[in-house]
Amino acid sequence: MYFFNLKALLIDLKHNNVTERESALYVLIPTILMMLYSYYLPETDSLESLADNVIIIINFIILFIANGGNNGKNFFSNTFR
């Protein structure tokens, strides 16, 4: 996975060298980081926020499986249509 070498990531994306699992992780990891950040905001209810975050992650996993899992095609484009 590339987090700091974005040029190499772009090349791999153009040549379809990124697996569907890696595609999912590129979406899931920043999402989880944003969720963790939301716990530090003073106006959020932590129990409600936790429930929302669990629902989002479960829905993301369902989307990944519905797309065919690691054997699926174009997870990025199918997710963000």
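Residues numbered from 1 in each chain as written. Predicted model: local features only at pLDDT ≥ 70, side-chain atom pairs only at ≥ 80, totals over all residues. Heavy atoms only, no water.

### Looking at the overall build of the protein chain
Part 1: Looking only at helices and strands, one finds 4 helices and 0 strands in the protein chain.
Part 2: Shown N-terminal to C-terminal, the secondary structure of the protein chain runs as helices and strands in the order α-α-α-α.
Part 3: Of all intrachain contacts in the protein chain linking residues separated by at least 6 positions in sequence, the fraction that spans at least 24 positions is 50%.
Part 4: In the form shown here, the protein chain has an accessible surface area of approximately 6300 Å², with 65% of it arising from carbon and sulfur atoms. (Helix = DSSP H or I, 4+ residues; strand = E, 2+ residues; numbered from the N terminus. Contact = heavy atoms within 4.5 Å. Areas by Shrake-Rupley, 256 points an atom, 1.4 Å probe, with all protein chains shown as cover.)

### Notes on a nonpolar patch on the surface
Part 1: Together, Ile29, Ile32, Leu33, Leu36, Tyr39, Tyr40, Leu47, Leu50, Val54, Ile58 and Ile62 make up a nonpolar patch on the protein surface, roughly 1100 Å² of accessible area in all.
Part 2: Per element, the largest residue contribution to the nonpolar patch is 5 residues, and it comes from helix α3 (residues 46-66). (Patch = residues over 30% accessible without salt bridge, like charges linked within 9 Å, V, L, I, M, F, W, Y side chains within 5 Å. Salt bridge = Lys/Arg side-chain N within 4 Å of Asp/Glu carboxyl O.)

### Re α3
Part 1: With 21 residues, α3 extends 30 Å from end C-alpha to end C-alpha; this agrees with the ideal 30 Å at 1.5 Å per step.
Part 2: Every buried residue of α3 is accounted for by Ser49, Asn53, Phe60 and Phe64. Angularly, the buried residues of α3 cover 50° about the axis, an arc narrow enough to put them on a single face. In α3, those exposed residues whose orientation departs by more than 90 degrees from the buried face are Leu47, Ile65 and Ala66.
Part 3: Positive phi appears at Gly68, one or two residues downstream of α3, with a value of about 110°. (Expected span 1.5 Å × (residues − 1). Buried < 20%, exposed > 50% of the residue type's maximum accessible area, 1.4 Å probe, protein only. Arc of directions from axis to C-beta.)

### Description of the environment of His15
Part 1: Mapped onto the fold, His15 is located in the loop between α1 (6-14) and α2 (20-38).
Part 2: Classification of His15 by relative accessible area gives exposed; the value is 54%.
Part 3: Among the polar contacts made by the side chain of His15, one reaches the main-chain carbonyl oxygen of Ile11 at a distance of 2.7 Å. (Polar contact = N/O pair within 3.5 Å; in protein donor to acceptor, adjacent residues only side chain to side chain.)

### Quick word on the packing of α2 against α3
The angle between the axes and the distance between the axes are what describe a pair of packed helices.
Part 1: Contact geometry for α2 and α3: axes closest at 11 Å, N-to-C directions at 175°. Overall, the two elements α2 and α3 adopt an arrangement that is roughly antiparallel. From α2, Glu20, Arg21, Ala24, Val27, Leu28, Thr31, Ile32, Met35 and Ser38 reach across to α3, where they touch Ser49, Asn53, Ile56, Ile57, Phe60 and Phe64.
Part 2: Considered class by class, the residues forming the contact of α2 with α3 number 9 nonpolar, 4 polar and 2 charged. (Axes fitted to C-alpha atoms, helices over the stretch in contact; angles between N-to-C directions. Parallel < 35°, antiparallel > 145°, perpendicular 65-115°, else oblique. Nonpolar A, V, L, I, M, F, W, Y, C, P; charged D, E, K, R; others polar.)

### Brief notes about the side chain of Asp12
Part 1: One can find Asp12 in helix α1.
Part 2: Lacking a salt bridge, the buried Asp12 has Lys14 as its closest oppositely charged neighbour, with an N-O distance of 11 Å.
Part 3: Leave out the neighbours within four places in its chain, and Asp12 touches Tyr2, Asn17 and Val18. (Lys, Arg positive; Asp, Glu negative; His and termini not counted.)

### Side note on the nonpolar core
Part 1: By size, the foremost hydrophobic cluster in this structure holds 5 residues: Ala24, Val27, Leu28, Phe60 and Phe64.
Part 2: Secondary-structure elements contributing two or more residues to this core are α2 and α3. (Core = buried A, V, L, I, M, F, W, Y, C linked by side-chain atoms within 4.5 Å.)

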